[in-house]
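# A structural walkthrough
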Amino acid sequence: MYTPAITGTGVFTPENTITNDELVACFNTYAQKFNVDHADQIASGDVDEMPMSNAEFIFNASGIEQRYVLDKTGILNPDIMHPSLRQRSDDEPGVMAEMALDACAKALADAGKTAADVDAVIVAASNHERAYPAIAVEIQDLMGIKGFGFDMNVACSSATFGIQAAADMVRSGSIRSALVVNPEICSAHLEWRDRDCHFIFGDVCTATLIERKEDATGDHFEIISTRCATQFSNNIRNNDGFLRRTRPDGMKDRRDMQFMQNGRKVFKEVVPMVSAHILQHMADEGIENTQLSRMWLHQANKSMNDYIGRKVMGRVPEPAEQPNILQDYANTSSAGSIIAFSKNSDDMKPDDIGLICSFGAGYSVGSVLLKRC
Ligand code: COA
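What you are looking at is a predicted structure, and each value in this text was computed from that prediction instead of being measured.

Scoring rules and cut-offs
- Residues numbered from 1 in each chain as written.
- Predicted model: local features only at pLDDT ≥ 70, side-chain atom pairs only at ≥ 80, totals over all residues.
- Heavy atoms only, no water.
- Axes fitted to C-alpha atoms, helices over the stretch in contact; angles between N-to-C directions.
- Helix = DSSP H or I, 4+ residues; strand = E, 2+ residues; numbered from the N terminus.
- Parallel < 35°, antiparallel > 145°, perpendicular 65-115°, else oblique.
- Left-handed = near helix turned anticlockwise from the far one by under 90°.
- Contact = heavy atoms within 4.5 Å.
- Nonpolar A, V, L, I, M, F, W, Y, C, P; charged D, E, K, R; others polar.
- 1 Å grid on protein atoms, 1.4 Å probe; cavity = no way out; pocket = protein on both sides within 12 Å on 5 of 7 lines; lining within 4 Å.
- Points joined across faces, edges and corners; volume = space filled by probe spheres on them.
- Phe/Tyr/Trp six-rings, centres within 6.5 Å; stacked < 30°, edge-to-face > 60°.
- Buried < 20%, exposed > 50% of the residue type's maximum accessible area, 1.4 Å probe, protein only.
- Lys NZ or Arg CZ within 6 Å of the ring centre and 35° of its normal.
- Core = buried A, V, L, I, M, F, W, Y, C linked by side-chain atoms within 4.5 Å.
- UniProt positions renumbered as here; feature names shortened; annotations may be inferred.
- Near = heavy atom within 4 Å.
- Polar contact = N/O pair within 3.5 Å; in protein donor to acceptor, adjacent residues only side chain to side chain.
- Areas by Shrake-Rupley, 256 points an atom, 1.4 Å probe, with all protein chains shown as cover.
- Sits in = over half its atoms within 2 Å of the grid points.

## A look at the packing of helix H1 (residues 20–37) against helix H3 (residues 55–62)
- Taken N-terminus to C-terminus, the directions of H1 and H3 make an angle of 130°; their axes are 9 Å apart at the nearest point. Overall, the two elements H1 and H3 adopt an arrangement that is oblique. Judged by the twist between their axes, the crossing of H1 over H3 is right-handed. Along its contact with H1, which presents Asn20, Asp21, Leu23 and Val24, the element H3 presents Ala55, Ile58 and Phe59.
- Residue composition of the contact of H1 with H3, grouped by class: five nonpolar, one polar and one charged.

## Considerations on empty space enclosed by the protein
- Under the defined criterion, the tally for this structure stands at one cavity of 30 Å³ or more.
- If you add up the space inside the largest cavity, you get close to 30 Å³.
- Partitioning the lining of the largest cavity into residue classes produces seven nonpolar, one polar and no charged.

## With respect to the packing of aromatic side chains
- Applying the stated criterion to the full structure yields nine aromatic pairs.
- The interplanar angle of 80° and the centroid separation of 6.3 Å between the aromatic rings of phenylalanine 57 and phenylalanine 199 together place this pair among those described as edge-to-face. Taken as a pair, phenylalanine 57 in helix H3 and phenylalanine 199 in the loop between strand S6 (177–185) and strand S7 (203–212) lie far apart in primary sequence, 142 residues in all.
- Accessibility expressed as a relative area gives 7% for phenylalanine 199, which makes it buried.
- Measuring from centroid to centroid gives 4.8 Å for phenylalanine 201 and phenylalanine 259, while their planes differ by 85°, and the two rings are edge-to-face. Residue phenylalanine 201 is found in the loop between S6 and S7, and its partner phenylalanine 259 is found in the loop between strand S9 (236–237) and strand S10 (260–261); the two are separated by 58 residues along the sequence.
- Of the residues examined, phenylalanine 201 reaches a relative accessible area of 3% and is grouped as buried.
- Here arginine 212 stacks its cationic end above the ring of tyrosine 2, 3.7 Å away from the centre of that ring.

## A word on the nonpolar core
- One finds Val274, Ile278, Leu292, Ile308, Cys357 and Phe359 to be the most contacted residues of the largest nonpolar core, which totals 51 residues.
- Mapped onto this core, the elements with two or more residues apiece are H1, H3, helix H7 (263–284), strand S11 (292–297), helix H8 (302–313), strand S12 (353–360) and strand S13 (364–372).
- In this structure, phenylalanine 359 is in contact with Cys156, Ser157, Val270, Val274, His298, Met304, Asn305, Ile308, Ser364 and Val365, ignoring residues within four places of it in sequence.
- In this structure, Val11, Ile122, Ala166 and Ala335 belong to the second largest nonpolar core, which totals 34 residues.

## Comments concerning the UniProt feature "domain: Beta-ketoacyl-[acyl-carrier-protein] synthase III N-terminal" (unreviewed entry) in the protein chain
- Here, the residues flagged by UniProt with the feature "domain: Beta-ketoacyl-[acyl-carrier-protein] synthase III N-terminal" (unreviewed entry) are residues 150–225.
- Helix makes up 20% of residues 150–225 and strand 36%. Its end C-alpha atoms lie 22 Å apart.

## Observations regarding the site of the ligand
- With respect to spatial proximity, 20 residues lie near the ligand, and among them Ser53, Arg195, Gln261, Arg264 and Asn301 are the closest.
- One of the backbone nitrogen or oxygen atoms of asparagine 54 is found 3.2 Å away from a nitrogen atom of the ligand.
- When the free accessible area of the ligand is taken as 960 Å², the share hidden by the protein chains comes to 73%.
- Of the pockets mapped on this structure, the ligand occupies the second largest pocket.
- For the shell around the ligand, the secondary-structure elements that each account for two or more residues are H3 and H7.
- Top element by residues in the shell around the ligand is H7. It accounts for four residues.
- A class-by-class count of the residues in the shell around the ligand yields eight nonpolar, nine polar and three charged.

## Quick look at the layout of surface pockets
- Volume-wise, the second largest pocket comes out at about 850 Å³.
- What lines the second largest pocket is a set of 34 residues, among which Phe199, Ile200, Gln261, Gly263 and Asn301 lie closest to the centre.
- Ranked by residues supplied to the lining of the second largest pocket, first place goes to H7 with five residues.
- Residues of the lining of the second largest pocket, tallied by class, amount to 16 nonpolar, 12 polar and six charged.

Here it is, written out as structure tokens:
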């Protein structure tokens, strides 16, 4: 058995930002037009009037100030309201692979390694841009990596579940190393025409290199242990999929073909589930909350993280102990906790203990306990 370690991370951040004010201005133009176009049906009670969005509500409810997106022209066009991406030929790298190349190159540089040092690629994300071939195999080919690749999806928890898969393979000796990649194009599955959720998501790609600890050439994080758990819920759901055209109204512009959630229920049910999961994981490893230097939590909502932080630490954590990046990136699904880790871990001292935790649809929760080396 070998000890797995995180030896490098990388983050690809798109160039375009959308502020809450820009988002709300576009949504309200769309909503006003909808109400004018449907004035008669609204007057007869057949259609509900579309309420306006509000930037102050968004910040207070979520902590989000802006998000990065691959394309903002389509999203901010009230006649389109989704990203517009160029059709690529099958001979060009796909969008997810292109984002991944940037993040993977940064992760390898961070670890002082090259593609020749990698044995496997795992693409762990909430959505995959095609059914097959696997995005991971495409990335493997573009980077010249030997070995194998596969895609997996556990929604917002994909990164930690991917890290567990990679860490277990490294531990057992079946591979020496793996890149776990999280290309998240959340803007494409978000319903920008629904004020309840239009502010939630952004786009990004993260990459994490997992190696045998003995192969690390610089500062790294030993993986003490990982833990994953799932419990079925319909409170976060997206019905899009390959059976779409088989249904009578499958190809219509249906609300359930984009992200849907019962936000209040998610908040109430997931927060205690995650807090209990982390506390049990730490207890089973004999780690007291006084020994925990840092938590890199899933980046969905500031209040959720504040609550989990208080429950786990037994006090209000200092901002540096539980760094948030959601104010800048919004919810980037599985990538959020890895962005927080990548941008807020270099200052940790030898033997400091930290915890990455992601959670979301499924429900799912994954935690990774780390020791700075
Ligand atoms: N602008 C203005 N008002 C809005 C609004 C907007 N953009 N969106 C919703 N509202 C209104 C609602 O219609 C509701 O009005 P009502 O009281 O008259 O019915 C009111 O504000 C409160 O809405 P609610 O949805 O209950 O807000 P909330 O405080 O629960 O916050 C979330 C919404 C999504 C931020 C919150 O539920 C949350 O973060 N949940 C966690 C789940 C999550 O983010 N999951 C992502 C996947 S992991």
